[in-house]
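Remarks on the overall topology
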Amino acid sequence: MPDVIGSIRTELLRYKALAEGAIGQLSDAELSDSRSDAASSVATICWHIAGNLQSRFTDFLTSDGEKPWRHREEEFQPRAVTHAELEAKWALGWNAVLQALDALDAQTLDQTVTIRGQALPVGDALHRALAHCSYHVGQIVYVAKAIRGRDWTYLSIPPGQSDAYNRQPTMEKPADHARVVSRGTER
């Protein structure tokens, strides 16, 4: 059986690195900039991802993933935060999911977990979390790129460089991509 848990962990870490690569390009003030009334700020999206991961993966196998202590609506409130505050909140969610993944093995994939009273196989819940994170990381990157404009540092292949990249790909494995992103966007 392929290492599904390891694969999901690796992809989650790739998206974590992408988000952090975008976040790292923003000032504290830019973290709270939404660029429109309809868009969430990077800080708001990060708050939501962190809240979701912390709720879903705390006591992952033994309690409903929608914890009574989670206040989802508050995650979407506009907020002004520093990088340190955002990083602390962000770490709570990511630590919860990574610790939960460390406790899983191939046999746990057949177990059932509950999210909002609905039973799901563990594998389905993991894929759901991966899809949720990738969706919101795309939003983070989009908002951060809009804020940075011409000063944006690309987190993948920059426009006009596909042919050169294809001759010597360096980011095809998630871990390699994460390393490239983290090196290229440090504040």
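Residues numbered from 1 in each chain as written. Predicted model: local features only at pLDDT ≥ 70, side-chain atom pairs only at ≥ 80, totals over all residues. Heavy atoms only, no water.

1. Details of the overall build of the protein chain
Test applied: The way it works is that DSSP assigns letters per residue, a run of H or I at least four long becomes a helix, a run of E at least two long becomes a strand, and they are numbered from the N terminus. In this analysis, two residues are considered to be in contact whenever any of their non-hydrogen atoms come within 4.5 Å of each other. Values of accessible area rely on a 1.4 Å probe in the Shrake-Rupley scheme; residue burial ignores everything except the protein chains shown. Charge assignment in this entry is limited to Lys and Arg as positive and Asp and Glu as negative, and neither His nor the chain termini are counted. Note on charges: their place is set at NZ of Lys, CZ of Arg, CG of Asp or CD of Glu.
Assigned secondary structure in the protein chain consists of 8 helices and 2 strands. Listed by position from the N terminus, the elements making up the protein chain come as α-α-α-α-α-β-β-α-α-α. Along the three orthogonal principal directions, the C-alpha set of the protein chain runs to about 45 × 40 × 25 Å. Partitioning the contacts of the protein chain with sequence separation of at least 6, the portion at a separation of at least 24 is 72%. Accessible surface computed for the protein chain: about 10,200 Å², of which carbon and sulfur atoms make up 50%. Distance from the positive charge centre (20 side chains) to the negative charge centre (24 side chains) of the protein chain: 4 Å.

2. A closer look at the environment of Gly-93
Checked against the element boundaries, Gly-93 lands in helix 5 (residues 83-102). Sequence separation between Gly-93 and Ser-55 is 38 residues; the distance between their C-alpha atoms is 7.9 Å. The residues touching Gly-93, leaving out its near neighbours within four places in the chain, are Ala-50, Leu-53 and Gln-54.

3. Digging into the packing of aromatic side chains
Heads up, the rule is: Note on ring pairs: Phe, Tyr and Trp rings are taken, using the six-membered ring of Trp, and paired if centres are within 6.5 Å. Classes follow the plane angle, with under 30 degrees stacked, over 60 edge-to-face and the rest tilted. Burial classification: accessible surface area is computed with a 1.4 Å probe over protein chains only, and a residue below 20% of its type maximum counts as buried, one above 50% as exposed, and the rest as partly exposed.
Counted according to the given criterion, the structure contains 2 aromatic pairs. On the numbers, 5.6 Å between centres and 55° between planes, the contact of Trp-90 with Trp-94 is tilted. Taken as a pair, Trp-90 and Trp-94 lie in helix 5 at a separation of 4 residues, close to a single helical turn. For Trp-94, a relative accessible area of 1% translates into the label buried.

4. Overview of the packing of helix 3 (residues 42-57) against helix 6 (residues 122-148)
Worth spelling out the cut-off: Comment: axis = line fitted to C-alpha atoms, over the contacting stretch for helices; angle = value between 0 and 180 degrees taken between N-to-C directions. Angles below 35 degrees are treated as roughly parallel, those above 145 as roughly antiparallel, those between 65 and 115 as roughly perpendicular, and all remaining angles as oblique. Residue type decides the class: Asp, Glu, Lys and Arg count as charged, Ala, Val, Leu, Ile, Met, Phe, Trp, Tyr, Cys and Pro as nonpolar, and the leftover types, Gly among them, as polar.
Taken N-terminus to C-terminus, the directions of helix 3 and helix 6 make an angle of 170°; their axes are 9 Å apart at the nearest point. Taken together, the axis directions place helix 3 and helix 6 in an arrangement best described as roughly antiparallel. Seen from helix 3, the contacting residues are Val-42, Ile-45, Cys-46, His-48, Ile-49, Asn-52, Leu-53, Arg-56 and Phe-57; seen from helix 6, they are Leu-126, Arg-128, Ala-129, His-132, Cys-133, His-136, Val-137, Gln-139, Ile-140, Val-143 and Ala-144. Residues of the contact of helix 3 with helix 6, tallied by class, amount to 13 nonpolar, 5 polar and 2 charged.

5. With respect to the pattern of salt bridges
Here is the rule we go by: Criterion for a salt bridge: a side-chain nitrogen of Lys or Arg within 4 Å of a carboxyl oxygen of Asp or Glu.
According to the stated counting rule, one finds 9 salt bridges in the structure shown. Taking the shortest distance from any N to any O, the salt bridge between Glu-73 and Arg-72 comes out at 3.7 Å. Judged by its relative accessible area of 56%, Glu-73 falls in the exposed class. Taken together, the shared-partner salt bridges connect Arg-56, Glu-66, Arg-70, Glu-75 and Arg-116 into one network.

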